[in-house]
Amino acid sequence: MALSTSSSSAPARSRVNVRAPPCVSAGWGVGCTWSPPENLGAGVNTSSWEWGSTSSDGRYLYFSRHTPPTYADGELFRSERTGATWGTAANLGSINDPTAWDGIPSISVDGTTLTFSSNRSGSTITDIWQSVWAGTDWATPVRIISAGQHDHWPWLSPDGNRL
């Protein structure tokens, strides 16, 4: 996984390019200048496939990790940034379903809602699930979208009212 930042005047959440920030989706670089990608180090990067999003303050990286050769598994992790260094990734534990593929997480601007794709029990194929921070742990995920196809790439609007 690599991280790139923007010199855009957009809010902090929009300046971190781990996935598709607003200044990219608004016109592929219109008004944005991106830094070279930054390797996140051994605490995050592995030989697995990783995909994630950062908290609005840039302090936390929420991501999924999928191991080769099939990439059929998937679990959710979080890494905390201290200064310029990303810490060792911590498995989100209870939010993960060890029998399912959980992936492509997106954290809300206020850091209390994690939205992700999963094929866990109850999914039609791959559905969009959501969990809310309950003070000491993440609440049991709830399916919020099931369109009968591969539902991927959830991204909450900054106000949390649109997916």
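Residues numbered from 1 in each chain as written. Predicted model: local features only at pLDDT ≥ 70, side-chain atom pairs only at ≥ 80, totals over all residues. Heavy atoms only, no water.

Some details on the pattern of salt bridges
The full count for this structure, using the stated rule, is four salt bridges. The shortest N-O distance in the salt bridge between Arg 65 and Glu 50 comes to 3.0 Å. A residue pair is termed long-range when its members are at least 10 positions apart, and Arg 65 in strand β5 (residues 60-66) and Glu 50 in strand β4 (residues 49-54) qualify at 15 residues. Of the two residues, Arg 65 and Glu 50, neither departs from the other in class, the shared state being buried. Note that Asp 102 and Arg 120 form a salt bridge whose closest N and O atoms lie 2.9 Å from each other. Of this pair, Asp 102 sits in strand β9 (residues 102-107) while Arg 120 sits in the loop between β10 (113-118) and β11 (127-132), and the two are 18 residues apart along the sequence. Assessed through its relative accessible area of 0%, Asp 102 is described here as buried. (Salt bridge = Lys/Arg side-chain N within 4 Å of Asp/Glu carboxyl O. Helix = DSSP H or I, 4+ residues; strand = E, 2+ residues; numbered from the N terminus. Buried < 20%, exposed > 50% of the residue type's maximum accessible area, 1.4 Å probe, protein only.)

So, the side chain of Asp 127
By the secondary structure assignment, Asp 127 is in strand β11. For Asp 127, the side chain forms a polar contact with the side chain of Ser 146, separated by 3.2 Å. Setting aside chain neighbours within four positions, we find Asp 127 in contact with Phe 116, Ser 117, Ser 118, Gly 122, Arg 143, Ile 145, Ser 146, Ala 147, Gln 149 and Asp 151. (Polar contact = N/O pair within 3.5 Å; in protein donor to acceptor, adjacent residues only side chain to side chain. Contact = heavy atoms within 4.5 Å.)

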